Amino acid sequence: MIIRLRAQGPGLCFAALSAFLVILFGGPARAAVIEKIVIEGRRALAEETVRSFIGSREGSELDAEQVTADIHALYGSGFIEDVAVETRWIEGPGRPQLALVFIIREKPMIREVRFEGVKKLSEDDLKRISDLKARSVYDPVKLREVRAKLLDEYAKQGYFMARVEVEVVEVKPGQVEV
């Protein structure tokens, strides 16, 4: 049996997760023990890194509050774009075992940052203003902030009509050029 719980943001409702566990185990009286934790969907992140954000442990009882905290911690890491949590019964030695499965989608990594057509700011100015770096996590909010900083810098230098266009190109799955 596979039961999937998908979170589209860190505001996953605790009540929904509790209902999920009640349906799965027939009520709160029977505690299920997590016998295996599985991480799926990793690309660049090491499994140990992902596990470091998860408080649920093999050998502990399946706890809705802890799974909710795990989801929040994964989103809070800044590395994860989406999380789904499933429970699966997997073959174990002599009997099926309960596996808690975290299916993640990592945020893309920035492969390269390029500034093209810049006429009035030096390379040093661009590096000082922009804190985007290759091999860092792509964050569209941070990119908008860098764009605003560049426009402010142009305005400080008297170039009020300056334009800053941002282009993000996916060069391969999980990697972008800015």
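Preceding block: the structure.
Below is a short write-up of the structure.

Analysis parameters
Residues numbered from 1 in each chain as written. Predicted model: local features only at pLDDT ≥ 70, side-chain atom pairs only at ≥ 80, totals over all residues. Heavy atoms only, no water. Helix = DSSP H or I, 4+ residues; strand = E, 2+ residues; numbered from the N terminus. Buried < 20%, exposed > 50% of the residue type's maximum accessible area, 1.4 Å probe, protein only. Contact = heavy atoms within 4.5 Å. Areas by Shrake-Rupley, 256 points an atom, 1.4 Å probe, with all protein chains shown as cover. Phe/Tyr/Trp six-rings, centres within 6.5 Å; stacked < 30°, edge-to-face > 60°. Pairing = 2+ DSSP bridges.

### Overview of the overall build of the chain
Right, on to step 1. Counting its regular elements, the chain contains 5 helices and 7 strands.
Right, on to step 2. Beginning at the N terminus, the succession of helices and strands in the chain can be written as β-α-β-α-α-β-β-β-α-α-β-β.
Right, on to step 3. When burial is assessed residue by residue, the chain has 36% of its 178 residues classed as buried.
Right, on to step 4. Looking at the chain alone, contacts between residues at least 24 apart form 61% of all its contacts between residues at least 6 apart.
Right, on to step 5. Accessible surface, the chain as shown: approximately 10,800 Å² in total, 52% of it carbon and sulfur.

### Concerning the packing of aromatic side chains
Right, on to step 1. Overall, the coordinates contain 2 aromatic pairs when judged by the stated rule.
Right, on to step 2. Here the aromatic rings of Tyr154 and Tyr159 are separated by 6.4 Å at their centres, their planes lie at 85°, and the arrangement is edge-to-face.
Right, on to step 3. Taking the relative accessible area as the measure of exposure, Tyr159 reaches 34% and is therefore partly exposed.

### Concerning the environment of Phe102
Right, on to step 1. Structurally, the position occupied by Phe102 is in strand 4 (residues 96-106).
Right, on to step 2. For Phe102, a relative accessible area of 0% corresponds to the buried category.
Right, on to step 3. Ignoring any residue separated from it by four or fewer positions in sequence, one finds Phe102 in contact with Ile37, Val38, Ile39, Glu40, Ile54, Asp70, Leu74, Ala84 and Val85.

### Quick notes on the pairing of strand 4
Right, on to step 1. Most of strand 4 is tucked away: 9 of the 11 residues are buried.
Right, on to step 2. The pairing of strand 2 (residues 36-40) with strand 4 spans 5 bridges and is parallel. Each bridged residue has a counterpart across the sheet, and for Ile37 the counterpart in strand 4 is Leu100.
Right, on to step 3. Across 11 bridges, strand 3 (residues 80-91) lies against strand 4 in antiparallel orientation. Note on strand 4: the bridge partner recorded for Ile80 is Glu106.

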